[in-house]
Amino acid sequence: MMFSLSFFSPVSSSLSSSCRLQGQFLLNGIHKDGDVVLGGLFEVHYSSVFPELSFTSEPQQPRCQGFDILGFRHAQTMAFAIDEINRNSNLLPNVTLGYSLYDNCATLGVGFRASLSLASGREEQFLLDETCLGSPPVLGIVGDSYSTYTIAISSVLGLYKVPIVSYFATCSCLSDRQRFPSFFRTIPSDSFQVRAMLQILKRFGWTWAGLLVSDDDYGLHAARSFQTDLAQSGGGCLAYSEVLPWGNDPTEFRRIVDVMRKSTARVVIVFAHQGYMLNLMEEVIKQNVTGLQWMASEAWTAAAVLQTPRLMPYLGGTLGIAIRRGEIPGLRDFLLRIRPDNDANSSYGNSMVRQFWEYTFQCRFAPPPAGWVNAGGALCTGQEDLGNVETGFLDESDLRIEYNVYKAVYALAYALDDMLQCVPGRGPFSGHSCASLQRLEPWQLVYYLEKVNFSTAFGDQVSFDENGDALPIYDVMNWLWLPDGSTTVQSVGVVKKSASTGEELMLDEDRIFWNFKSKKPPQSVCSNSCPPGTRMARKKGEPVCCFDCIPCSEGKISNETGSMECNSCPEDFWSSPRRDHCVPKRMEFLSYHEPLGICLTTASLLGTLICSIVLGIFTYHRSTPMVRANNSELSFLLLLSLKLCFLCSLLFIGRPKLWTCQLRHAAFGISFVLCVSCILVKTMVVLAVFKASKPGGGANLKWFGAVQQRGTVLALTSIQAAICTAWLVSSSPAPHKNTQYHNDKIVYECVVGSTIGFAVLLGYIGLLAILSFLLAFLARNLPDNFNEAKLITFSMLIFCAVWVAFIPAYVNSPGKYADAVEVFAILASSFGLLVALFGPKCYIILLRPERNTKKAIMGRGTTKT
């Protein structure tokens, strides 16, 4: 800034003030006068050579080398846009635009000198009115192409609020409105380019990639933005991140390519200009590093210098982000009209056009401009025909940077047009004033640039957000390697941002050329995604993309690929064998379809059948002494109760329901009390008959008649019925899904409800059984011919033994096995009673009928030895 201020000095007069330039930079440029002048900075040469500084000789200007024909076309596009605006009666009527276009020679020092020249003007002296106000030499600047150069220029010219509209500077740092208040651009910021690349990585599942950036503001800011956005998105990791050095540093490039070769990442992302890529690819060829999927930033996506047969085996299939392609009608005709002598206002004898002419036709003008290197060869006439030369200069098929230049010029024009249409008294400035062309200040045009909004003939909308960034849109390009060895860069998609849909990526994947044998997208992951049924466990000391796949534990699942955690199944569900989905827990209960249930059911039905057979035998032989002895009515009632005992065991088999849970224990309790009551009464009758056989004992029989026997059985059974009723009313048994026994299945069981009620029920049965056993035990030594006390004693011994063993077995048996134990106890005790009490009688009735007589039973039919 100090340099620019000291570049001119004020000279006073009585009427006015003036500033006189103390010197001029010798710069390569093209100029055209107008009412309003716009400045432009373009790369027309690839490099420059600065002379050695000396205090003894005159200062010399840098010498530019390597003519960039596309950079010259960018400059001519600005000239065309201004010419088109001047011919448009609807835009800036009565105002003629001029331009000053300078070559930055791809050098910061030259570009900075050019920007100061634009800000200071080309006139050696210009007048200021008495208030020191006047129009600036240029109203706005289109440029620069490099982010680093733009940062430097904007840092200085931004102090004076000179509007700068760049067509190729993408560094996200330029969106900082505090540092660059007057900067705008028609190319999207790198922050959007980074997000566009992240969307492509996500689209193809590339979670493991390498990042290479240039050692300048463009690359370093892109790297910082990429790493930040990648971490926030969680969509992948960087296998390596390297900075490509300035110039040709073989040692450093060898190290970087060695890292690429050893890495497992198959995708390489590069934010750098083509100069860095050329040096990098030389080392890639030396080490023959193939099988990589390259992703190019917009800086080298369309670089023709890289699309050579020598490099395509390595770079074929590259996916790149490219500036939006547009159409500019009339540009080709304008370019065809260029002549070295068309513009008398060009610097140094129209040097920029002359250099283009010498480069295109391989001729030279005599004498050559001082300080510039020409092509040599024959002399140029200036009348050569551009239409007869095969050159990319006239190719309109891929206008990208040119389209941005075109939009930048129109943005300045529309902002100026809006400013000139301001109605005095309704203006946006102090006191509702308007800006005037004669007293225009740069910051006033900045205000209108922030409000500009128009659409191009190609249909793209142009406006700027609060940071000076245009609506972002990119084309996705693919380097197609044709069979004949030639290369073409084709558009395979677009990524854009809109207010309605946000950021959107659209790809035509069928058109993409993949430079692999499989002709499919490569796999680039540190670790393959964990399949369903597993979770990711990060490897210690490695990025999050490197992990092991751990199977989910029992009861947990992951039903998505790449799950971080396994989720627990709901209470009634369990994990499948593959742990990828929850399945209903297997319901366990004593079923009729399983072997144990079938065996118990068969035994129950067999017992019921045997009881029916015995009942039939007794009914058929009901008039015989064996049946009639000791109250045949009790025998029939006992057989009926045993049949009920066998049948009640079926209630313990099958899916538990409320009514089966309530009925099973009640039926079991009442049936067994009825059975044991009959046995107890039988025992009491035996004792009473024996005592009645003694002298004076006949009176005892009156208390054990048929009515009394039936009444006793009914009374004892009624007590059990009352216990069951109270139990069912107070705390009824009910079905219950028990998940405590097993994790992977539900035990469907009947809970007893009230443990006390169940204990009282069993206790009452046990009391009657013990009482029957004691009475039968006391009558065991009575004469055999008079009683069946021994049979009752043996049967009750079996009964008590079964139920004593039942209690610990029942308590320690989980789930359906508790029901099986109870059913087994019922069947075992029932079979014991049936066999012990009725087996001998049926044996006599069926096999020893001679003993089924009154004499044999009374003992008078046999002779004692």
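Below or above, wherever it landed, is the structure these notes cover. No experiment lies behind these values; they were computed from the predicted model shown. (Residues numbered from 1 in each chain as written. Predicted model: local features only at pLDDT ≥ 70, side-chain atom pairs only at ≥ 80, totals over all residues. Heavy atoms only, no water.)

### Section: a nonpolar patch on the surface
Together, Leu605, Leu640, Leu644 and Leu647 line one region of the surface with nonpolar side chains, adding up to about 320 Å² of accessible area. The dominant element in the nonpolar patch, judged by the number of residues it contributes, is helix α16 (residues 632-648), at three residues. (Patch = residues over 30% accessible without salt bridge, like charges linked within 9 Å, V, L, I, M, F, W, Y side chains within 5 Å. Areas by Shrake-Rupley, 256 points an atom, 1.4 Å probe, with all protein chains shown as cover. Salt bridge = Lys/Arg side-chain N within 4 Å of Asp/Glu carboxyl O. Helix = DSSP H or I, 4+ residues; strand = E, 2+ residues; numbered from the N terminus.)

### Section: the nonpolar core
Across soluble globular proteins, nonpolar side chains have a tendency to be buried as a group. Counting residues in each nonpolar core, the largest one holds 107 residues, and the members touching the most others are Phe72, Phe226, Ile269 and Phe271. Of the residues forming this core, the biggest block, 13 residues, is contributed by helix α12 (residues 401-420). Each residue touching Ile269, except ones within four places of it in the same chain, is listed here: Met197, Leu201, Ala209, Gly210, Leu211, Leu212, Phe226 and Met295. (Core = buried A, V, L, I, M, F, W, Y, C linked by side-chain atoms within 4.5 Å. Buried < 20%, exposed > 50% of the residue type's maximum accessible area, 1.4 Å probe, protein only. Contact = heavy atoms within 4.5 Å.)

### Considerations on the layout of surface pockets
If you add up the space inside the largest pocket, you get close to 1,500 Å³. Considering each element in turn, the lining of the largest pocket owes the most residues, five residues, to helix α2 (residues 69-86). Class assignment of the residues belonging to the lining of the largest pocket gives a composition of 24 nonpolar, 14 polar and ten charged. (1 Å grid on protein atoms, 1.4 Å probe; cavity = no way out; pocket = protein on both sides within 12 Å on 5 of 7 lines; lining within 4 Å. Points joined across faces, edges and corners; volume = space filled by probe spheres on them. Nonpolar A, V, L, I, M, F, W, Y, C, P; charged D, E, K, R; others polar.)

### A word on the packing of aromatic side chains
All told, the structure shown has 37 aromatic pairs when counted by the stated rule. Arranged with centres 6.2 Å apart and planes meeting at 40°, the rings of Tyr410 and Tyr414 form a pair that is tilted. Of this pair, Tyr410 and Tyr414 both sit in helix α12, separated by four residues, roughly a single helical turn. Take Tyr410: its relative accessible area is 8%, and that puts it in the buried class. (Phe/Tyr/Trp six-rings, centres within 6.5 Å; stacked < 30°, edge-to-face > 60°.)

### Topic: the state of the cysteines
This model, assessed by the stated rule, comprises ten disulfides. Each sulfur of the disulfide joining Cys363 and Cys380 lies 1.7 Å from the other. In this structure the cystine formed by Cys363 and Cys380 twists about its S-S bond by roughly 105°; its chirality is therefore right-handed. One end of the pair, Cys363, is in strand β17 (residues 363-364); the other, Cys380, is in the loop between β18 (378-379) and α12, with 17 residues separating them in the sequence. We classify Cys363 as buried; its relative accessible area is 4%. Cys380 sits in the buried class, given a relative accessible area of 12%. Cys526 shares a disulfide with Cys546; S-S distance 1.9 Å. Negative torsions about the S-S bond denote left-handed disulfides, and the value of about 105° found for Cys526 with Cys546 makes this one right-handed. Of the two residues, Cys526 sits in the loop between β23 (502-507) and β24 (534-538) while Cys546 sits in the loop between β24 and β25 (547-551), which places them 20 residues apart along the sequence. Residue Cys526 is classed as partly exposed on the basis of its relative accessible area, which comes to 26%. Assessed through its relative accessible area of 2%, Cys546 is described here as buried. Distance from the sulfur of Cys675, which forms no disulfide, to the nearest cysteine sulfur (Cys645) is 5.1 Å. (Disulfide = S-S within 2.5 Å.)

### Some points on the sheet that holds strand β32 (residues 745-751)
If you trace the three strands from one edge of the open sheet to the other, you get β30-β32-β31, paired in mixed fashion. Among the strands making up the open sheet, the edge pair consists of β30 (586-588) and β31 (734-738). Each strand of the sheet is rotated relative to its neighbour by a mean of 30°, with strand direction disregarded. Strand direction decides the pairing type here: β31 and β32, joined by five bridges, are antiparallel. Bridged to Pro735 within β32 is Cys750. (Pairing = 2+ DSSP bridges. Axes fitted to C-alpha atoms, helices over the stretch in contact; angles between N-to-C directions.)

### Looking at the sheet that holds strand β7 (residues 97-103)
Sheet architecture is open: six strands sit in the order β3-β7-β4-β9-β10-β11, paired in mixed fashion. Each of the sheet's edge strands pairs with one partner strand only, and the pair in question is β3 (29-32) and β11 (183-185). Direction aside, the axes of adjacent strands within the sheet are offset by 20° on average. Sitting on the sheet, helix α3 (residues 108-120) touches β4 (36-42), β7 and β9 (140-142), and the angle it makes with β4 is about 180°.

### Re the pattern of salt bridges
Inspection of the entire model under this criterion finds 19 salt bridges. Arg261 is the salt-bridge partner of Asp258, the closest N and O atoms lying 2.2 Å from each other. Linking Asp258 with Arg261, this pair stays in helix α7 (residues 250-262), spanning three residues, or about one helical turn. Across the pair Lys262 and Asp258 runs a salt bridge whose closest N-O atoms are separated by 3.2 Å. Of this pair, Lys262 and Asp258 both sit in helix α7, separated by four residues, roughly a single helical turn. Assessed through its relative accessible area of 60%, Lys262 is described here as exposed.

### Let's talk about the pairing of strand β12 (residues 208-214)
β12 sits mainly inside the fold: seven of its seven residues count as buried. Side chains Trp208, Gly210, Leu212 and Ser214 project from β12 onto one buried face, and the interleaved Ala209, Leu211 and Val213 project onto a second face that is buried too. The sheet contact formed by β12 and strand β13 (residues 237-244) spans seven bridges and is parallel. The residue of β13 that forms the bridge with Ser214 is Leu244. The parallel pair β12 and β13 is bridged by helix α6 (residues 217-233), and the resulting crossover is right-handed. One ladder, built from five bridges, connects β12 with strand β14 (residues 267-271); its direction is parallel. Looking across to β14, one finds that Gly210 is bridged to Val268. (Right-handed = clockwise from strand over helix to strand, strands pointing away.)

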